[in-house]
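Structural characterization, general
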There are 2 protein chains.
Amino acid sequence: MRNHDGGHPMRRDHEERVIAALRDLGPLSRAELAQRVGISRTTMSDITNHLLNRAMIVTYEPSAESESDGPAPGSGPSRRGRPASRLALNPRAGQLLGIDFGHRRVHVVVVDAAHRMVASEIRRYPSDSDWPTRVAEVLELLRQLGRRADVELSGLSGIGVGFPGPFSPRMPTFDSDDHPETTPSEFVRNRLRDHYPVPIMIDNNTRLAGLAEAVWGGAETDHLVYVRLSDGIGGGLVIGGRLVTGADGFAGELGHVSVRLDGPDCRCGKRGCLETIASVPAILARCQELGARVTSLSELRTAVERADPLVDRVLRDAGDALGRVLGTMAVTLNPSEIVVGGEIVQHAPQLLSQAQIMINWELQSMAGSELRLRPASLGDEDGALGAVAALLHTSPLLANYPVPGTPSDDDHRQAEDRTALRQAQDRLS
Amino acid sequence: MRNHDGGHPMRRDHEERVIAALRDLGPLSRAELAQRVGISRTTMSDITNHLLNRAMIVTYEPSAESESDGPAPGSGPSRRGRPASRLALNPRAGQLLGIDFGHRRVHVVVVDAAHRMVASEIRRYPSDSDWPTRVAEVLELLRQLGRRADVELSGLSGIGVGFPGPFSPRMPTFDSDDHPETTPSEFVRNRLRDHYPVPIMIDNNTRLAGLAEAVWGGAETDHLVYVRLSDGIGGGLVIGGRLVTGADGFAGELGHVSVRLDGPDCRCGKRGCLETIASVPAILARCQELGARVTSLSELRTAVERADPLVDRVLRDAGDALGRVLGTMAVTLNPSEIVVGGEIVQHAPQLLSQAQIMINWELQSMAGSELRLRPASLGDEDGALGAVAALLHTSPLLANYPVPGTPSDDDHRQAEDRTALRQAQDRLS
């Protein structure tokens, strides 16, 4: 993933430090900031102007009543009549938008600077909708969200977008009236940018769901393998804290590993891919082939509850194939967690228990590895949340974006500010 | 991998900029440096003192005859009688040492700041040598190397060390007289540090060989899968430009993926691991089982030259198993290169051609991927070179360490310096 911030690396780095200082110490004057961050006042002036323009920080004006407390400690000769203006983080800045385009719905989340999910909304469309329709739906949803008091779309820090299917720069193009010869992702990017001129990050939505599981799904981990059993099978790899895209954007396609060379034909052109054995349609089809009347997930659930031995056999067979692929991932990537997503996992516990057998077998060559296999813990918002997580991991500025202070708050806060300032001065002297 | 530099991140970052400025602009005064890098003079003084202490930079004294050229442009009031001292990169600093401990030999390389291999030496020991013996051998070798004019071990920037076998923080301990209850890696680290107080990075040597192939083996790539067929089978993964270690340090163990559940017993406790089918001893054993009298690599080579159909069958079978594992890596990691190392690859081209068939089959689900399968191109020094590459990738300071200028050179160089300074002043004004 590239950094979409576009700024000069050195300036971006300075910006990060300024933000960290304001988070740690509360409101500071430019001179205090320059001293704290260790850069010249001229450079600092550039940095703060840039941050002010982007509304990442605001000028902090102490309220009139607080002036009765007397001058702040350490305020120097520049303090004539009124205090030197100080800078603080903008409490409204830094909301992030995550958009996950599925085949039949778009899921949108808004996450604030404190990594709290402020909003989570779905809008459905027919699965044959074209991209202009899908984008129109999302823009309408955003217009509605923008009216909410807790959503601040005008101060967005960035947008992350999840796409279905393998995401690659070489995705096929499509024609639209307004944007001839463009890829779906380019089309979406351009339309979003028309309304929200902020950094936009795009990736495959299943892969992003894997990142969300690594960051917010349980104990945060830097090494996670994610696979989702659904109409198809997709996956995502988080290695060393980063989502793996691969040389051409195809990484994480666990569903198309050949498990059985004499297996069923796959839509990808091969035979016996994991998807032909462990996807929901593959499992249902195999049940019917063996004579069990199971045509939907809910019928499968009932069959499992009735302990139907044919259905059990099919599920254990699928779990075995899943375990072969995950076991290989365990040996080669040495993750700390393997997460399996998809509704079917809730209905058919055999899938995971059987996969665990193959994984345990493979782990014998890795004495000391503490690998955990678990079902996914996030819901339908996983892709959209992952898009936000990817934004946070992509931009060094956003990655450590702080929980902001509130610049026009009560006296309590002002007292805290002064304490923080005094402590800072102690540390610096 | 962690950064072993140990310095404060902010200072390290400043150091990098100072070094980059000296590389780009030639010798500069402290004031010029502070202006160029955009940090305060106080901070700059700390930075330069630290770099001077570590001999990364030196004080640049213009030679007497160059003074006849008159004062350098832009020199200010501080120039009284003699010029303000300027700083320059130390041309002798920044050599890096790579050490690869094999079972029967240690390979040492010295790489200079311009990424040139200055020295490459081997010292052999019996395969049952203990660690104190191995370290004594390497220290003796280093004493000899230190006498060479082009090797500057007193100004080392760092040492990278490759170890055989899976490398993990949980490696078993061993007793030595001087260092009771320590791991081999801790023992080696302590002994080396006694003689060379520089950052020391340690990793598995096969994994490091993979990194060396990614960096110096051909076209530099950020996405590479490496596997080596030898007495055992090991591997290494480079993803997004970084060597993958995994959650517990086991990543890259391609030799212990189960390929055939009914295959031969493996030393790791499982059956049918790739190592039991495609390692050199496994291939030789299988040839003999089928009736071909092939007991060594050279006999295998002769048999291949004679087109022995039994041997061909064994090799194609091994290549097929290799292709199964590499094909899975291709689909899940989407690398741009897969590299197969080990002497046997030179003798038995079937191994790679058969593996290519499985890889091509797997690639069908990834239209547009341009994956290249190739034999390793580096020789026995690959592990030691990889240790140096890991150092370069680990330390931000070392990673972009510049080709140094020569501070006490001829007039030509002085003229270049002045030109660079003038250009710098133009850029800054």
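Rules used in this analysis
- Residues numbered from 1 in each chain as written.
- Chains lettered and ligands numbered in written order.
- Predicted model: local features only at pLDDT ≥ 70, side-chain atom pairs only at ≥ 80, totals over all residues.
- Heavy atoms only, no water.
- Helix = DSSP H or I, 4+ residues; strand = E, 2+ residues; numbered from the N terminus.
- Buried < 20%, exposed > 50% of the residue type's maximum accessible area, 1.4 Å probe, protein only.
- Contact = heavy atoms within 4.5 Å.
- Areas by Shrake-Rupley, 256 points an atom, 1.4 Å probe, with all protein chains shown as cover.
- Least-squares fit on C-alpha atoms with pLDDT ≥ 70 in both.
- Phe/Tyr/Trp six-rings, centres within 6.5 Å; stacked < 30°, edge-to-face > 60°.
- Lys NZ or Arg CZ within 6 Å of the ring centre and 35° of its normal.
- Axes fitted to C-alpha atoms, helices over the stretch in contact; angles between N-to-C directions.
- Parallel < 35°, antiparallel > 145°, perpendicular 65-115°, else oblique.
- Nonpolar A, V, L, I, M, F, W, Y, C, P; charged D, E, K, R; others polar.
- Pairing = 2+ DSSP bridges.
- Buried area = accessible area lost by both parts, 1.4 Å probe.
- Salt bridge = Lys/Arg side-chain N within 4 Å of Asp/Glu carboxyl O.
- Polar contact = N/O pair within 3.5 Å; in protein donor to acceptor, adjacent residues only side chain to side chain.
- pLDDT = per-residue confidence, 0-100.
- Expected span 1.5 Å × (residues − 1).
- Core = buried A, V, L, I, M, F, W, Y, C linked by side-chain atoms within 4.5 Å.
- Left-handed = near helix turned anticlockwise from the far one by under 90°.

Further remarks concern the overall build of chain A. Each helix and strand in chain A was counted, giving 15 helices and 13 strands. Each of the 429 residues in chain A was classed as buried or not, and the buried ones make up 57%. Taking all contacts inside chain A whose residues are at least 6 apart in sequence as the whole, residues at least 24 apart take part in 66%. Surface accessibility of chain A: about 18100 Å² in total, with carbon and sulfur atoms responsible for 47%.

With that out of the way, let us pick up the relation of the copies chain A and chain B. Note on the identical chains: chain A maps onto chain B by a rotation of 180 degrees and an axial translation of 0.1 Å, with an RMSD of 0.3 Å. Such a combination of turn and shift is consistent with a two-fold rotation axis. A shared interface surface links the copies, since 100% of the contact residues of chain A are contact residues in chain B too.

In the structure shown here, the tally under the stated rule is 6 aromatic pairs over all chains. Ring geometry for Phe 101 of chain B and Phe 163 of chain B: centres 5.9 Å apart, planes at 50 degrees, overall tilted. You can see Phe 101 of chain B sitting in strand E4 (residues 95–101) and its partner Phe 163 of chain B sitting in strand E7 (residues 156–163), a full 62 residues away along the chain. Each member of the pair, Phe 101 of chain B together with Phe 163 of chain B, is buried. Arranged with centres 4.9 Å apart and planes meeting at 35 degrees, the rings of Trp 131 of chain B and Phe 163 of chain B form a pair that is tilted. Here Phe 163 of chain B lies in strand E7 and Trp 131 of chain B lies in helix H4 (residues 131–146), a separation of 32 residues in the sequence. Through pairs of rings, three or more aromatic residues link up here, namely Phe 101, Trp 131 and Phe 163 of chain A. Across the ring face of Trp 131 of chain A, the terminal group of Arg 134 of chain A is positioned such that the distance to the ring centre comes to 4.7 Å.

Interaxial distance between helix H10 (residues 309–333) of chain A and helix H10 (residues 309–333) of chain B falls to 11 Å at its minimum, and their mutual angle equals 90 degrees. As judged from the angle between their axes, H10 of chain A and H10 of chain B are roughly perpendicular. Counted together, Thr 328, Met 329, Thr 332 and Leu 333 of chain A of H10 of chain A and Thr 328, Met 329, Thr 332 and Leu 333 of chain B of H10 of chain B form the full contact between these two elements. Grouping the amino acids of the contact of H10 of chain A with H10 of chain B by side-chain chemistry returns 4 nonpolar, 4 polar and no charged.

Residues and elements named next belong to chain B. Across the sheet, which stays open at both edges, the 5 strands sit in the order E6-E5-E4-E7-E8 with mixed pairing between neighbours. The sheet is open, and its two borders are formed by strand E6 (117–124) and strand E8 (200–204), each paired with just one other strand. The mean angle between the axes of side-by-side strands here comes to 15 degrees, regardless of whether they run parallel or antiparallel. With 7 bridges joining them, strand E5 (residues 105–111) and E6 adopt antiparallel strand pairing. Note on E6: the bridge partner recorded for Val 108 is Glu 121. Running at roughly 140 degrees to E6, H4 makes contact with E4, E5, E6 and E7 of the sheet.

It is worth spelling out helix H8 (residues 280–289) of chain B at this point. Residues of H8 of chain B that are buried: Val 280, Ala 282, Ile 283, Leu 284 and Cys 287 of chain B. Structurally, H8 of chain B contributes buried residues whose contacts are with strand E9 (224–229), helix H7 (275–278), helix H9 (297–305), H10, helix H11 (344–347) and helix H12 (350–363) of chain B.

Turning next to the side chain of His 223 of chain A. Along the polypeptide, His 223 of chain A turns up in the loop between helix H6 (205–216) and strand E9 (224–229). Its relative accessible area of 17% is what places His 223 of chain A among the buried residues. If we ignore the near neighbours within four places in the chain, the residues touching His 223 of chain A are Val 238, Ile 239, Gly 240, Asn 334, Pro 335, Ser 336 and Glu 337 of chain A together with Gly 246 and Ala 247 of chain B.

Turning our eyes to something else, we now look at the interface of chain A and chain B. Contact with chain A, which involves 54 residues of that partner, is made by 54 residues of chain B. A per-residue breakdown of the area chain A buries against chain B is headed by Phe 250, Thr 332 and Trp 361 of chain A, which together make up 14% of the total. At the boundary of chain A with chain B, the tally comes to 2 salt bridges. A salt bridge links Glu 362 of chain B to Lys 270 of chain A, with the nearest nitrogen and oxygen atoms 2.6 Å apart. Remark: the boundary between chain A and chain B carries 22 residue pairs in polar contact (both at pLDDT 80 or more).

Looking now at the confidence of the model for chain A. All names here are of chain A. Predicted confidence across chain A gives a mean pLDDT of 81, with 77% of residues reaching 70 or more. Low pLDDT, under 50, characterises residues 1–7; the stretch is placed with 22 contacts to residues that sit more than four places away or in other chains. Under a pLDDT of 50 for its full length, residues 396–429 has, in the predicted model, 73 contacts with residues more than four places off or in other chains.

All names here are of chain B. With 12 residues, helix H6 (residues 205–216) extends 16 Å from end C-alpha to end C-alpha; this agrees with the ideal 16 Å at 1.5 Å per step. Among the 12 residues that make up H6, 11 are buried, leaving the element largely enclosed by the rest of the structure. Within the span of H6, buried status applies to Asn 205, Thr 206, Arg 207, Leu 208, Ala 209, Gly 210, Leu 211, Ala 212, Glu 213, Ala 214 and Val 215. Capping the start of H6 is the job of one residue whose side-chain oxygen sits 3.1 Å from the backbone nitrogen of Thr 206: Asn 204.

Further remarks concern the pairing of strand E3 (residues 86–89) of chain B. Residue and element names in this part refer to chain B. Burial of E3 is two-sided: the residues Arg 86 and Ala 88 facing one way and the residues Leu 87 and Leu 89 facing the other way are all buried. In the sheet, strand E1 (residues 28–29) pairs with E3 via 2 bridges, with the strands oriented antiparallel. Across the sheet, Ser 29 pairs through a bridge with Arg 86, a residue of E3. As paired elements, strand E2 (residues 57–60) and E3 share 4 bridges and run antiparallel to each other. Bridge pairing in E3 links Ile 57 to Leu 89.

Residues and elements named next belong to chain A. In terms of burial, strand E8 (residues 200–204) is a largely internal element, 5 of the 5 residues being buried. Relative to E8, strand E7 (residues 156–163) runs parallel, the two being bridged by 5 bridges. Paired with Phe 163 across the bridge in E8 is Asn 204.

What follows is about the nonpolar core. Grouped together as the largest cluster of nonpolar side chains are 100 residues, with contacts concentrated most on Leu 300 and Leu 326 of chain A together with Leu 300, Leu 326 and Ile 344 of chain B. Apart from residues lying up to four places away in sequence, Leu 300 of chain B is in contact with Ile 283, Leu 284, Cys 287, Val 294, Val 311, Leu 315 and Ile 344 of chain B. By size, the runner-up hydrophobic cluster in this structure holds 34 residues, among which are Ala 21, Ala 34, Ile 47 and Leu 87 of chain A.

If you walk through the whole model with that rule in mind, you get 40 salt bridges over all chains. Taken together, the shared-partner salt bridges in this structure form one network comprising Glu 213, Glu 337, Arg 372 and Arg 374 of chain A.

All names here are of chain A. Relative orientation of the contacting elements helix H4 (residues 131–146) and helix H5 (residues 184–195) amounts to 30 degrees, with a least axis distance of 10 Å. It follows that H4 is roughly parallel to H5 by the angle criterion. For the crossing formed where H4 meets H5, the hand is right-handed. Counted together, Trp 131, Pro 132, Val 135, Val 138 and Leu 139 of H4 and Pro 184, Phe 187, Val 188, Arg 191, Leu 192 and His 195 of H5 form the full contact between these two elements. The residue makeup of the contact of H4 with H5, split by class, is 9 nonpolar, 1 polar and 1 charged.

Below, the discussion takes up the sheet that holds strand E2 (residues 57–60) of chain A. All names here are of chain A. Pairing is antiparallel in the open sheet, where 3 strands are placed in the order E1-E3-E2. Every other strand in the sheet has two partners, leaving strand E1 (28–29) and E2 as the edge strands with one partner each. In the packing of helix H3 (residues 41–53) onto the sheet, contacts are made with E2 and strand E3 (86–89), and the angle to E2 comes to roughly 105 degrees.

Now for the side chain of Thr 328 of chain B. Mapped onto the elements, Thr 328 of chain B comes out in helix H10. A relative accessible area of 8% places Thr 328 of chain B in the buried class. A polar side-chain atom of Thr 328 of chain B sits 3.0 Å from the main-chain carbonyl oxygen of Arg 324 of chain B. What Thr 328 of chain B contacts, discounting residues up to four positions off in sequence, is Val 257, Thr 328 and Met 329 of chain A.

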